[in-house]
Amino acid sequence: MLKVNSIEVVYMNVIQVLRGVSIEVGDGVSFPTRANGAGKTTTLKAISGMLKTEEGEVTEGSIDFDGKRIDRYGPEDIAALGISQAMEGRRVLEHLSVEENLLVGAYCRKDRAAVKQDLELVSDYFPRIKHLRRRVSGYLSGGEQQMLVIGEPSWHVQS
Ligand SMILES: Nc1ncnc2c1ncn2[C@@H]1O[C@H](COP(=O)(O)OP(=O)(O)OP(=O)(O)O)[C@@H](O)[C@H]1O
Ligand SMILES: [Mg+2]
């Protein structure tokens, strides 16, 4: 269970973007739709720990995952708990092939056989990715790149 408890988020010590945001997420997630610029991505970055890469900070409230308070954790520790964020905007390693991009997502894993199985799983989710696996990622279409971005973090943590 993930619980966001009335968080405030501030970028660069001065730009307040979120105030009093609370979300509770069990299995089977839906995320509120809001206007552009309302703070959806910022909320997700607060959860995944990625805020820190943009000088953002949770300044009020807390985020709990399975009873642990995680809003002071680094993104690598949050990823190790099984939480990862598929970023907006074609964030692929463009000189690497599709398959190499996926393998980068498994960098921390030692269980090579299970990694291979999970690679198959991503191909099941996105048959197009299987078809494109030897292609240079930078030359994929926007939609294909986003499939790759979604495919990568969905399997990089050992379950
Ligand atoms: N790194 C940052 N530094 C300063 N302000 C930021 C930063 N990132 C986002 N913002 C501001 O925070 C607000 C919320 O942005 P955010 O990206 O969270 O919105 P969003 O709901 O995901 O929008 P969209 O639907 O367009 O993706 C916006 O006003 C944006 O300008
Ligand atoms: Mg967004």
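Residues numbered from 1 in each chain as written. Chains lettered and ligands numbered in written order. Predicted model: local features only at pLDDT ≥ 70, side-chain atom pairs only at ≥ 80, totals over all residues. Heavy atoms only, no water.

1. Considering the domain arrangement of the protein chain
Working step 1: Parsing the protein chain into structural domains produces domain 1 (2–80) and domain 2 (98–156).
Working step 2: A straight line from the C-alpha centre of domain 1 to that of domain 2 covers 26 Å. (Domains from an automatic or database assignment.)

2. Digging into the site of ligand 1
Working step 1: Neighbouring ligand 1 are 14 residues, the closest being Gly37, Lys40, Thr41, Thr42 and Glu54.
Working step 2: Contact distances for ligand 1 include 3.5 Å between a nitrogen atom and a side-chain N or O atom of tyrosine 11.
Working step 3: In this structure, an oxygen atom belonging to ligand 1 sits 2.9 Å away from a side-chain N or O atom of glutamate 88.
Working step 4: Coverage of ligand 1 by the protein chains reaches 65% of its 640 Å² of free accessible surface.
Working step 5: Looking at the shell around ligand 1, the elements that each hand over two or more residues are strand E2 (15–25) and helix H1 (40–48). (Near = heavy atom within 4 Å. Polar contact = N/O pair within 3.5 Å; in protein donor to acceptor, adjacent residues only side chain to side chain. Areas by Shrake-Rupley, 256 points an atom, 1.4 Å probe, with all protein chains shown as cover. Helix = DSSP H or I, 4+ residues; strand = E, 2+ residues; numbered from the N terminus.)

3. Quick look at the coordination of the magnesium ion (ligand 2)
Angles at a metal have ideal values that depend on geometry: 109.5 degrees with four tetrahedral donors, 90 or 180 degrees with six octahedral donors.
Working step 1: Surrounding the magnesium ion (ligand 2) are the protein donor atoms Thr41 (OG1) and Glu88 (OE), which sit 2.0 to 2.3 Å from the metal. In this pair, threonine 41 sits in helix H1 while glutamate 88 sits in the loop between helix H2 (75–80) and helix H3 (98–104), placing the two residues 47 residues apart along the sequence.
Working step 2: Overall, the relative accessible area of 23% leaves threonine 41 in the partly exposed class.
Working step 3: Take glutamate 88: its relative accessible area is 56%, and that puts it in the exposed class. (Donors = N, O, S within 2.8 Å, 3.2 Å for Na, K, Ca; no water. Buried < 20%, exposed > 50% of the residue type's maximum accessible area, 1.4 Å probe, protein only.)

4. A closer look at the sheet that holds strand E3 (residues 56–65)
Working step 1: With respect to topology, four strands assemble into an open sheet ordered E2-E1-E3-E4, the strand pairing being antiparallel. At either margin of the open sheet sits one strand with a lone partner, and together these are E2 and strand E4 (68–69).
Working step 2: Against the sheet, H1 contacts strand E1 (2–11), E2 and E3, and its axis sits at roughly 110 degrees relative to E1. (Pairing = 2+ DSSP bridges. Contact = heavy atoms within 4.5 Å. Axes fitted to C-alpha atoms, helices over the stretch in contact; angles between N-to-C directions.)

5. Looking at the environment of arginine 72
Working step 1: Tracing the chain through its elements places arginine 72 in the loop between E4 and H2.
Working step 2: When the C-alpha positions of arginine 72 and threonine 41 are compared, they lie 18 Å apart, and in sequence the two are 31 residues distant.
Working step 3: Reaching out from arginine 72, the side chain makes a polar contact with the backbone oxygen of valine 58 at a distance of 3.3 Å.

6. Side note on the pattern of salt bridges
Working step 1: Overall, the coordinates contain seven salt bridges when judged by the stated rule.
Working step 2: A salt bridge links lysine 130 to glutamate 120, with the nearest nitrogen and oxygen atoms 3.7 Å apart. Separated by 10 residues along the polypeptide, lysine 130 in helix H5 (residues 127–131) and glutamate 120 in helix H4 (residues 112–125) bring together distant segments of the chain.
Working step 3: A relative accessible area of 38% places lysine 130 in the partly exposed class.
Working step 4: Using a relative accessible area of 40% as the deciding quantity, one classes glutamate 120 as partly exposed.
Working step 5: One salt-bridge network, in which partners are shared between bridges, spans Arg69, Asp71 and Arg72. (Salt bridge = Lys/Arg side-chain N within 4 Å of Asp/Glu carboxyl O.)

7. Describing helix H6 (residues 142–151)
Working step 1: Within the sequence span of H6, burial applies to Glu144, Gln145, Leu148, Val149 and Gly151. Down the axis of H6, the buried set is contained in an arc of 165 degrees. They therefore lie on one face.
Working step 2: In the core, the buried residues of H6 are packed alongside H3, H4 and H5. (Arc of directions from axis to C-beta.)

8. Remarks on the pairing of E3
Working step 1: Across eight bridges, E1 lies against E3 in antiparallel orientation. Paired with valine 4 across the strands is isoleucine 63, a residue of E3.
Working step 2: Two strands pair when backbone bridges link them, and E3 and E4 are joined in this way by two bridges, in the antiparallel orientation. Among the inter-strand pairings, aspartate 64 is bridged to a residue of E4, identified as arginine 69.
Working step 3: Linkage of E3 to E4, two consecutive antiparallel strands, is achieved through a turn of two residues, within which aspartate 66 is found at a positive phi near 45 degrees.

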